[in-house]
Amino acid sequence: MSAARSVLSLSKILQPWTGLKGSTVSVMRPVMCTRREKSSYTPPPAKYGGRHTVTLIPGDGIGPELLNHAQELFRFCCVPVDFEVVNVDSSLTSEDEINNAVTAIRRNGVALKGNIETNHNLPPSHKSRNNLLRTSLDLYANVMHCQTLPGVQTRHKDIDIIIIRENTEGEYSSLEHENVPGVVESLKIITRVNSLRIAEYAFRQAREKGRRRVTAVHKANIMKLGDGLFLQCCKEVAAGYPDITFDNMIVDNTTMQLVSKPQQFDVMVMPNLYGNVVSNVCAGLVGGPGLVPGANYGKDYAVFETATRNTGKSIANKNIANPTATLLASCLMLDHLGLHDYASMIRKAILRTLSETRLHTADLGGQGTTSEVVQSIMKEVQKGGPLTSEKI
Amino acid sequence: MAGNAWRSTVSRIMGAVKSQTQPRTFSRGMQTVTIIPGDGIGPEISTSVIKIFEAAKVPIQWEERNVTAIKGPGGKWMIPPEAKESMDKSKIGLKGPLKTPIAAGHPSMNLLLRKTFDLYANVRPCVSIEGYKTPYTDVDLVTIRENTEGEYSGIEHVIVDGVVQSIKLITEEASRRIAEYAFEYARNNQRNSVTAVHKANIMRMSDGLFLRKCREVAENFKDVKFTEMYLDTVCLNMVQDPTQFDVLVMPNLYGDILSDLCAGLIGGLGVTPSGNIGANGVAIFESVHGTAPDIAGMDLANPTALLLSAVMMLRHMGLHGHAKKIETACFDTIRDKKVLTKDLGGNSKCSEFTAEICRRVQDLD
């Protein structure tokens, strides 16, 4: 038994290098692991004694307080997750802290984070910490599921859009230079490899979730080579999924359609910057930044945060922030770890607080404080009864 | 390349000198305006606008021109010289929708016009139309978009097979020019604040430069409030509460997306006016919708967008009285809901809609 366990742990250490040493690892894996190998799900490595270890990066603004609430809620629900807190100070110019965070995430495989502020008045060599994290870990897909939540007043109803955004390249390549004083060039990089990868991810997700249509958002009429390449890659991947309809839309038309008829969209896939715009528009349509969770997936790592990545500096430490997005993000994390029962229990409690109890924070037009909402969620969890060992 | 830079610098200086004489007020004489009907539904909506202006007795003389691209000497594509001459003389233009040719060998006409007259600012006022219901009410904002550089500079390369690089160009000159235009517009139109939209947390140098120039120009316009906001925050807040925004100034790509977003808030491109301001005092006002070839020639088109752009043009020319009259007539017609074209929810013809507006204009006299 101990020999098998040591081989298991060895295979976990070698997992990040599966691509290079594929054959060696599969030889070393014992028979009981072959079932896992066949599915597409790769379990995160940091699981010892039935408890998972997850990196927690509090970030700035409302991040620390909301993530505290998330930890509190997990403790209350007896979720078998331990958090390894890594603080990243946004005011320091050295990159050591973010590198420590990246190492911690590599070790644990999964992270839950708040947004780290970028002071854009510092010199350009000081890069965005969030961006550094995403590119170092190659978290290539940012997935955001926007749904109209019951109990929330919005102008548009019945919205159910999955937005898949390329997370590492495009306009966010941070490659800029000033050739001539007064003339700055910023490079937008689009590569075939990454475009194929994100398109493949989008279609796979669409198929897994039973979605009918994938729309690629682009501006290929102006950026013929760049977005043209992206569109072509999407078309190539679409050919391999004949059961899913594929169409494309230019980004300005997309935003116009989103504010008039958002119900027409199903799954949307797009490069980085358009993803930023479209995801924020959709978040606004379903009720605001406090409601939508986001996930960043890479081949080996996953980082969960709020979808619109706001620091919320102006409402920090005032106990008025909406904890829903952060708590739903932690539910996504629990799903990723395979703890589906805990995830659905917490999610049901959150939705019941939103729709039945109608305890809303200020951003939704209510008067509730953050702690009141979290208390209400805990009460709902308690009402649901204990999770017995048969259910787990 | 250097020659072009020199010429554009000279034209910019001349433009700066000339712009001080704007807007022109012609109390008695007729002013000439170049009208470019365009393709598809263009000719019918242009006729509508001319008819309404006649009914309102606006002192304007129309000069109709065609801008289909022709190959000039040296093989470069350019707009016909008669069109260019007319625009240079009249300085004001009204343009209908132009067909973008596919595989015709020449760039889009809009791009040609932009390059020929150095149309650096695209101004789109978005005001909710009473009577045309959208989920958003009380929208009253203006998007001012830098129209010459940024992400649409068209500089792209294939570095190696499968890796493409697009260059986004931000220059000090263009940023300063657009910021100055935005603040001047705010001042001339009694707007309270100007918000610069950027993404300087990611694109540190390029948007950082744009932002710096905006801040510098804001120093000279202390009567107008200046704020800066990230693009994603603007998008998020725009769909939740558009009333918090006033004048927005931004580089090319963000402007493209945001101006269309705002157009969507008030009802779409069929009711949104738009103006392009160029160096040398040239201004071309246009409708931004497509040519709608499926309804061309059937008298079903909605002339509202072109009409509101023409009203914007009148305000630019200083003919505020006429502008107010025509705008009121148009809004009253839409509010009454008795005579509306199909896209506005009615089933009248374009000519009936035009006649109704003409009638109201004459009644308002």
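See above for the structure.
Residues numbered from 1 in each chain as written. Chains lettered and ligands numbered in written order. Predicted model: local features only at pLDDT ≥ 70, side-chain atom pairs only at ≥ 80, totals over all residues. Heavy atoms only, no water.

Of all hydrophobic cores here, the largest spans 69 residues; its most connected members are B:Phe53, B:Ile144, B:Val249, B:Met313 and B:Ile326. For this core, the element with the highest residue contribution is helix H9 (residues 304–317) of chain B, accounting for 9 residues. When residues are assigned to domains, this core turns out to be shared by domain 1 (30–124 + 268–364) and domain 2 (135–266) of chain B, each giving three or more. Counting residues in hydrophobic clusters, the runner-up holds 62 residues, among them A:Ala202, A:Leu229, A:Val237 and A:Phe304. (Core = buried A, V, L, I, M, F, W, Y, C linked by side-chain atoms within 4.5 Å. Buried < 20%, exposed > 50% of the residue type's maximum accessible area, 1.4 Å probe, protein only. Helix = DSSP H or I, 4+ residues; strand = E, 2+ residues; numbered from the N terminus. Domains from an automatic or database assignment.)

Picture the strands of a sheet paired through backbone hydrogen bonds; they go either parallel or antiparallel. Taken together, the 4 strands give an open sheet; going across it, the order is E7(A)-E8(A)-E9(B)-E8(B), and neighbouring strands pair in antiparallel fashion. The strands lining the two open edges of the sheet, one partner per strand, are strand E7 (176–180) of chain A together with strand E8 (150–160) of chain B. Mean inter-strand twist for the sheet, computed between neighbouring axes without regard to direction, equals 30°. The pairing of E7(A) with strand E8 (residues 183–191) of chain A spans 4 bridges and is antiparallel. Note on E8(A): the bridge partner recorded for A:Glu176 is A:Ser186. On the sheet, helix H8 (residues 226–239) of chain A packs against E8 of chain A together with E8 and strand E9 (163–171) of chain B and is oriented at approximately 15° with respect to E8(A). (Pairing = 2+ DSSP bridges. Axes fitted to C-alpha atoms, helices over the stretch in contact; angles between N-to-C directions. Contact = heavy atoms within 4.5 Å.)

Residue and element names in this part refer to chain A. Within the secondary structure, Arg 213 is located in strand E9 (residues 213–218). In this structure Arg 213 comes out as partly exposed when scored by relative accessible area, which is 22%. Through-space distance from the C-alpha of Arg 213 to that of Arg 75 is 40 Å; in sequence the pair is 138 residues apart. Other than its neighbours up to four places away in sequence, Arg 213 contacts Ile 244, Thr 245, Asp 247, Gln 264, Asp 266 and Val 267.

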